[in-house]
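Fold and contact review
Now for the letters of each chain:
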Amino acid sequence: MSSVKTLNPKAEVMGRGAALFMNINAAKGLHDVMRSNLGPKGTIKMLVGGSGDIKLTKDGNVLLREMQIQNPTAVMIARTAVAQDDITGDGTTSTVLLIGELMKQAERYLNEGCHPRVIAEGYEHAKKAALEFLEGFKEKVSGDDREIIRCVARTSLRTKLYEELADQLTDIVVDAVLTIRKPDEPIDLFMVELMHMKHKLDKDTRLVKGLVLDHGSRHPDMPKRLDDAHILTCNISLEYEKSEVNAGFFYSSADQREKLVAAERAVVDARVQKIIDLKRQVCKETGQGFVVINQKGIDPMSLDMLAKEGILGLRRAKRRNMERLTLACGGSAVNSVEELAPEVLGHAGQVYEHVLGEEKYTFVEDVANPHSCTILIKGPSDHSLAQIKDAIRDGLRAVTNALLDGAVVPGAGAFEVAAASHLQEVTRKQVEGRAKLGVAAFAEALLGIPKILAENSGYDAQDTIIALGDEVAKGNKVGLDVATGEPLDPVLAGIYDNLLVKRQMLQSAPVVASQLLLVDEVIRAGMNMRKQ
Amino acid sequence: MVAGEVITIQAGSFANFTGAHYWNFQDELLGLSEVQETGYTAAQIDPDVLFTQTETRQGQPIYTPRLVLFDLSGSLGGASQSSLDGSGRGVPAVTTWIGPVAVHRADPVPRSRFVQQLELEPEEEPPGPSTSQETSDTYGAIADAARELDSEGSVQSWTDFLKVRLHPRSVALLPGVWQGAADFSGFGHGRGALGSDEAREDALDRIRCFAEECDSLQGFQYFADDLSGFGHFSYELLQMMQDDYARSPVLLFALRPSLAETPAQQATASRQRRLSEAVSMAYLSGVSSLYVPLAPPVNLPCIRWQPGNVFHASALCAMVVDTTTLPYRLARTPRPGPLGVPTGHCDLHSLAELLATSRQNNLTAAFAEVPCPDVPDAHAAAAAADARTGDASSSAWPFTMQRAFSWTPGIPVDVEERLAESVVLRGAQRGGRPLHADEAAQALDAALLQEGGRCVRHRCVVPQALPIPLPFPHIFLDDCSGSSHGGRSNGITSGVNGVRSASSHQQRPADGPASLPVLSRLCASPAAADVAKTQLECFEGLVSSGHGRAILQGWGYSEDDIAEIKERLESTASAFDHEGDF
């Protein structure tokens, strides 16, 4: 300790006691901020920034991002929780809370003179046992069991949105994932586009089997609505540009310049003409439409040529939409006019433009066999749109996780109660020596989560835990009914959590807690990296 | 015919400070073009190149910059996003949750008095002469508040002096990276800011939305605070943009608040700065069409500014940026004004082609004279040029060299060899009076001839001087020696066209010039290779030291990255070697 001081007189050194105190306090601090968030009866947080900017969130992940955490311990905990979100899409709040509970329980034993190493050892045992127990506790799901997948989506959505809205979004979320799912391929959630419109009520949110683009045609004469449309998805520049290779135009008279410009222009016109030729080739019957959706630009003259043929041309489409379009409508995206052929075209039953104030939207709908879709979120304000979007994103992840795991875990705190009892009754007896204390602390910490659920719903935490414990002793799987405060069967109520979320939480929380407990010394030397 | 739109991208705090000044200049021009006596000259610069016209929610047309800006969370100071784009404010109703609501309130951050006064000003001038007193009162209050900005510490954020309304899609703050809380002071700290798919998509989408509106996109002008984490951020962003906008040129200004590190800085900070400069050169010059490092020189004649004050430094940078970007912002078919027609319109693509003389090294130096001294009589200049051929030592410096300073570190203003140059002279004056464009052009040609040294040159003469907006630091000296012509030779006109965004034509208080003549030159020179060589040596030295390596590792750069940076620097350093054979 003093040796550091000799090397750098400015260094600050904290001994073990102070370091532990700091770590436990930081964990408790985060725990206190996040605890009221948990569950379907938690609070929504309104964050008012220094400039009066307002953010509304119920999501632990968003909350952590907005808190400007500076305490190094808290940063470490927050990073673990954010990693949890990256991997599983949910469980940020639970992870922070579990770490906080683990630190709190450890503190009790440490105050009685127990060495942190002993607790950490116990946590390690308990972690392994709890993970094993989880494998036995889970319930298998087959990909076709729509009802149970709906339950997973609903459980996730209800923690972020009010019940009616959550229930209405449930089917949208489930259908979206089932649409993009292809047998034997991993699910790519990016194939679900989330598009929002500030409009009407939040209950108008719907699933579009197809695509919604946030731009429209840039030519007044282009059709606003096409039925039975061929879709050409391309990445071909249809605008006049200066030649690529040459360092500029070399000309000696205005006439020569005109000719050069005309020659450049002719190249672009030829490309447009090839597209028009293709249109004439495929649209033999009347009533068939043709749409060009281009990732590059289309200049006014090219638009004009297309408009004269009755072709709808959209320019500067999102890169990701190129992929989505071919998945939704079929066909393939082309990068040069040479590849143009009837086979590359996709098809949509309807393509129409929707104008909302300054914004234009193009709907590509009514497609035969979509593997990409759009959730069109409608809401009255930016805040509600953001809320719904976050919730839907989490819901999509929950459904995907459930399909991926092939299993779910009964929710409403059922796992935590059962695991705690298992640790107390079985594991504690198997572990030898003082590590038993760590196992007991872990079990207590797990009970912290149903306790918070009860508190947030307005019930007495102790009564609830006792009631739940009694039921578990009878061999039932029970969780907490937030509406009545009584034990309930989560399977009957249809409350399911993701296996992945629980597993990840059980893996990371004890590791972080142990690391923090085992800190011997905190040294801050050299420059202060944080500007005060 | 369409304007040939340019999209502006700003990344990082100092870039946004500079950008705020830049947009204030544009706003001033818009104001001037609405007034009859100044309108013709001001309208020769086409606002449609930089601005897009949208409607407010009330259906009024409004000009907003075609701009995407990136900054850290919490960097907007007292301004909320909604106050920048003019959308409504107010406590939102919680419509998605019926449970309890917990409110957490941060301490309010004060906004500058200037912005507050600006908000008080009515949008539309009420008609009738009875209100003229009122208008002048508001104007006075705004002017007072603007003057206050110059006092120490009153500008906390670029939002404190920006008077242009932004597009709702313009402001992008990096989520979770907070100003002050996160370390974002070195080039590599921005690695990972575009790490997630969502962040990437959001950034590209903002640009795409503006690009989708453009009928004939000229290209991008990119203001980068490249020595901060936004350096690497810009590298990643520009790399992604190459896919969609492969043929659109990118004019990149690498903006720095000071030419070199200040001696007072800690050793670590200065090491980090040197590394950032080297990596910026290696990475950013590769993803841009022209790479222009720009920093204000400390000792400028006629200007006294406080080094270290970002409000001052960014104002200086913005003056040069505004002038060098003039050629592609001119109206294609300008209407003649009382001072003639501007000459030298040139689109961004041609400008980039002209100055990018080497594919491996597109570092372009910026030289400027702010304010530009009096333009001599064309005959006198011609005579001086003649005299030079006879007796070089006796002739005076041409006006183009009198107060010229290099704003690009590493390249001196009298660099030996020039390959290509773009010279812009705006608002030229003689004896305190604005000069006709033709006369100014003649004088400029004569002076350039007198300088000697031939290269491919593009010259652009614009009658419109640089209009100085109200919220501008008071850095101009009233009395300026060293000029050879008498009278008001400092080249500063006071109170001639003191018009503030069409609010009224009041006489400007005598504490600052209303407009300035500026001469700027962008120059491609083989000396750029020497800059690269210096950077390479510096980089190699630092990499072999433990400290330097620690910084690079802190940025998350692997051995491969370091090797790649070296390779790129070597390639830029040898860019002009083969030409030595001539």
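1. Regarding the overall build of chain A
Scanning chain A from N- to C-terminus turns up 17 helices and 18 strands. Here the C-alpha coordinates of chain A stretch approximately 95 × 65 × 45 Å along the principal axes. Taking all 532 residues of chain A together, the buried fraction comes to 48%. A sequence separation of at least 24 residues applies to 76% of the contacts in chain A between residues at least 6 apart.

2. What about the interface of chain B and chain A?
Contact residues are listed per partner, giving 49 residues for chain B and 51 residues for chain A. For the side of chain B that touches chain A, the elements supplying multiple residues, two or more each, are strand 2 (51-55), strand 5 (101-105), strand 6 (171-178), helix 6 (197-213) and helix 10 (348-355) of chain B. Looking at the side of chain B that touches chain A element by element, the count peaks at six residues for helix 6 of chain B. Across the side of chain B that touches chain A, the residue classes break down as 19 nonpolar, 16 polar and 14 charged. Strand direction decides the pairing type here: strand 2 (residues 44-48) of chain A and strand 5 of chain B, joined by five bridges, are parallel. Its bridge partner being in strand 5 of chain B, Met46 of chain A is matched across the sheet by Val103 of chain B.

3. Overview of the nonpolar core
Counting residues in hydrophobic clusters, the biggest one holds 167 residues, and the most contacted among them are Ala224, Leu252, Phe253, Leu294 and Ala440 of chain B. Every residue in contact with Phe253 of chain B, bar those within four places of it in the chain, is listed here: Tyr222, Phe223, Ala224, Val292, Leu294 and Val321 of chain B. Membership of the second largest hydrophobic core comes to 145 residues, among which are Leu30, Ile69, Ile392 and Val501 of chain A.

4. Comments concerning the packing of helix 4 (residues 72-88) of chain A against helix 17 (residues 499-517) of chain A
Residue and element names in this part refer to chain A. Direction vectors running N to C along helix 4 and helix 17 enclose 165°, while the axes themselves pass 10 Å from each other. In terms of orientation, helix 4 lies roughly antiparallel with respect to helix 17. Handedness of the crossing formed by helix 4 with helix 17: right-handed. Of helix 17, the residues touching helix 4 (which contributes Thr73, Met76, Ile77, Thr80, Gln84, Ile87 and Thr88) are Leu500, Val501, Gln504, Met505, Ser508, Val512 and Leu516.

5. Considering the sheet that holds strand 15 (residues 456-462) of chain B
Residues and elements named next belong to chain B. Pairing is mixed in the open sheet, where five strands are placed in the order 11-10-18-12-15. The sheet is open, and its two edges are formed by strand 11 (405-406) and strand 15, each paired on a single side. Bridge count between strand 12 (residues 420-426) and strand 15: seven bridges; the pairing is parallel. Directly across from Val423, in strand 15, lies its bridge partner Arg459. Helix 10 contacts strand 12, strand 15 and strand 18 (518-524) of the sheet and is inclined by roughly 130° relative to strand 12. Packing of helix 13 (residues 437-451) onto the sheet brings it into contact with strand 12 and strand 15, and relative to strand 15 it is tilted by some 150°.

6. Comments concerning the sheet that holds strand 13 (residues 373-379) of chain A
Residues and elements named next belong to chain A. Taken together, the three strands give an open sheet; going across it, the order is 5-13-6, and neighbouring strands pair in mixed fashion. In this open sheet, the two strands that pair with only one neighbour each are strand 5 (192-198) and strand 6 (206-208). Averaged over all pairs of adjacent strands, the angle between strand axes in this sheet comes to 25°, irrespective of strand direction. Sheet analysis places strand 5 next to strand 13, joined by seven bridges and oriented parallel. For Lys198, the partnering residue across the bridge sits in strand 13 and is Gly379. In the packing of helix 8 (residues 163-180) onto the sheet, the strands contacted are strand 5, strand 6 and strand 13, and the crossing angle to strand 13 comes to about 160°. Against the sheet, helix 12 (residues 382-405) contacts strand 5 and strand 13, and its axis sits at roughly 145° relative to strand 13.

7. Some points on the pairing of strand 9 (residues 289-294) of chain A
Residue and element names in this part refer to chain A. Of all the six residues making up strand 9, six are buried; the element is thus mostly covered by neighbouring parts of the structure. Of the two faces of strand 9, the one carrying Gly289, Val291 and Ile293 and the one carrying Phe290, Val292 and Asn294 are both buried. Crossover handedness for the path strand 9 to helix 10 (residues 300-308) to strand 10 (residues 312-314): right-handed.

8. With respect to unusual backbone geometry
Here the bond from Val370 of chain B into Pro371 of chain B is cis, since omega is -15°, no more than 30 degrees from zero. On the secondary structure map, Pro371 of chain B appears in the loop between strand 10 (365-369) and helix 11 (378-390). Positive phi outside glycine occurs at Asp366 of chain A, with the angle close to 60°. Relative to the assigned elements, Asp366 of chain A resides in the loop between strand 12 (359-365) and strand 13.

9. Concerning the environment of Gln117 of chain B
Residue and element names in this part refer to chain B. The residue Gln117 is located in helix 4 (residues 113-120) in this model. Judged by C-beta crowding, with 19 C-beta atoms within 10 Å, Gln117 ranks as partly exposed. Between the alpha carbons of Gln117 and Ala146 there is a distance of 9.2 Å; along the sequence they are 29 residues apart. Sequence-distant contacts of Gln117, that is, excluding residues within four places in its chain, are made with Ala141, Ile142 and Ala145.

10. Quick look at the packing of helix 9 (residues 254-282) of chain A against helix 10 of chain A
Residue and element names in this part refer to chain A. Two elements in contact, helix 9 and helix 10, have axes separated by 10 Å at closest approach and are oriented at 25°. Regarding the angle of helix 9 to helix 10, the classification is roughly parallel. Crossing of helix 9 over helix 10 shows right-handed handedness. Together, Val268, Val272 and Ile276 of helix 9 and Ser302, Met305 and Leu306 of helix 10 make up the contact between the two elements. Classifying every residue of the contact of helix 9 with helix 10 gives five nonpolar, one polar and no charged.

11. Side note on helix 14 (residues 527-544) of chain B
All names here are of chain B. The terminal C-alpha atoms of helix 14, which comprises 18 residues, lie 26 Å apart, in line with the 26 Å expected from a rise of 1.5 Å per residue. Where helix 14 is concerned, the buried positions are Ala527, Ala528, Ala529, Val531, Ala532, Gln535, Leu536 and Phe539. Contact partners of the buried residues in helix 14: helix 8 (267-287) and helix 16 (559-573).

12. Brief notes about the confidence of the model for chain B
Residues and elements named next belong to chain B. Per-residue confidence for chain B averages 79 on the pLDDT scale, and 84% of its residues sit at or above 70. Between residues 124-130, whose pLDDT stays under 50, and residues either more than four places distant or in other chains, the model counts two contacts. Confidence drops under a pLDDT of 50 for residues 390-394, and excluding neighbours within four residues, the segment shows one contact in the predicted structure. Overall fold confidence for the complex sits at a pTM of 0.86, while the interface term, ipTM, reaches 0.83.

13. Quick notes on helix 13 (residues 414-430) of chain A
All names here are of chain A. Spanning 17 residues, helix 13 covers 23 Å between terminal C-alpha atoms, matching the ideal 24 Å at 1.5 Å per step. Bending of helix 13 peaks at approximately 40° at the position of Leu423. By the burial criterion, the buried members of helix 13 are Ala414, Phe415, Glu416, Val417, Ala418, Ala419, Ala420, His422, Leu423, Thr427 and Arg428.

14. Points about the confidence of the model for chain A
Residue and element names in this part refer to chain A. When the pLDDT values of chain A are averaged, the result is 82; 93% of them are 70 or greater. Counting interchain partners and residues more than four positions distant, the pLDDT-below-50 stretch residues 244-249 has six contacts. Here residues 527-532 scores under 50 on pLDDT; set against residues more than four positions off or in separate chains, the count is five contacts.

Each value, and the rule that gives it
Counting restarts for each chain: residues are numbered from 1 in the order of the written sequence. For naming, the first written chain is A and the first written ligand is 1, with later ones following in the order written. Local features in a predicted model are, by the rule used here, given only for residues with pLDDT of at least 70; side-chain atom pairs are given and counted only at 80 or more, and totals for whole chains, interfaces and linings are based on all residues. Put simply, DSSP marks the helices as runs of H or I at least four residues long and the strands as runs of E at least two long, and each gets a number from the N terminus on. With C-beta atoms placed from the backbone, a residue is buried if 20 or more other C-beta atoms are within 10 Å of its own, exposed if 12 or fewer are, and partly exposed between those counts. A pair of residues counts as a contact when their C-beta atoms, built from backbone coordinates, are separated by no more than 7 Å. Side-chain classes follow a simple rule in which Ala, Val, Leu, Ile, Met, Phe, Trp, Tyr, Cys and Pro form the nonpolar group, Asp, Glu, Lys and Arg form the charged group, and the remainder, Gly included, forms the polar group. The rule for pairing is simple: two strands pair if DSSP sees at least two bridges between them. Think of a nonpolar core as buried Ala, Val, Leu, Ile, Met, Phe, Trp, Tyr and Cys residues, each tied to the set through C-beta atoms within 7 Å. Axes here refer to lines fitted to C-alpha atoms; in helices the fit is confined to the stretch in contact. Angles between the N-to-C directions go from 0 to 180 degrees. Angle categories: roughly parallel below 35 degrees, roughly antiparallel above 145, roughly perpendicular from 65 to 115, and oblique for all the rest. In a left-handed crossing the near helix is turned counterclockwise from the far helix by less than a right angle, and in a right-handed crossing that turn is clockwise. A crossover counts as right-handed when, viewed with the strands pointing away from the observer, the path leading from the first strand over the helix to the second turns clockwise. Here the expected span of a helix is defined as 1.5 Å times the quantity of residues minus one. For every residue, the predictor assigns a confidence score, pLDDT, that lies between 0 and 100. Fitting axes to the seven residues ending at a residue and to the seven starting there, one defines the bend at that residue as the angle between these axes.

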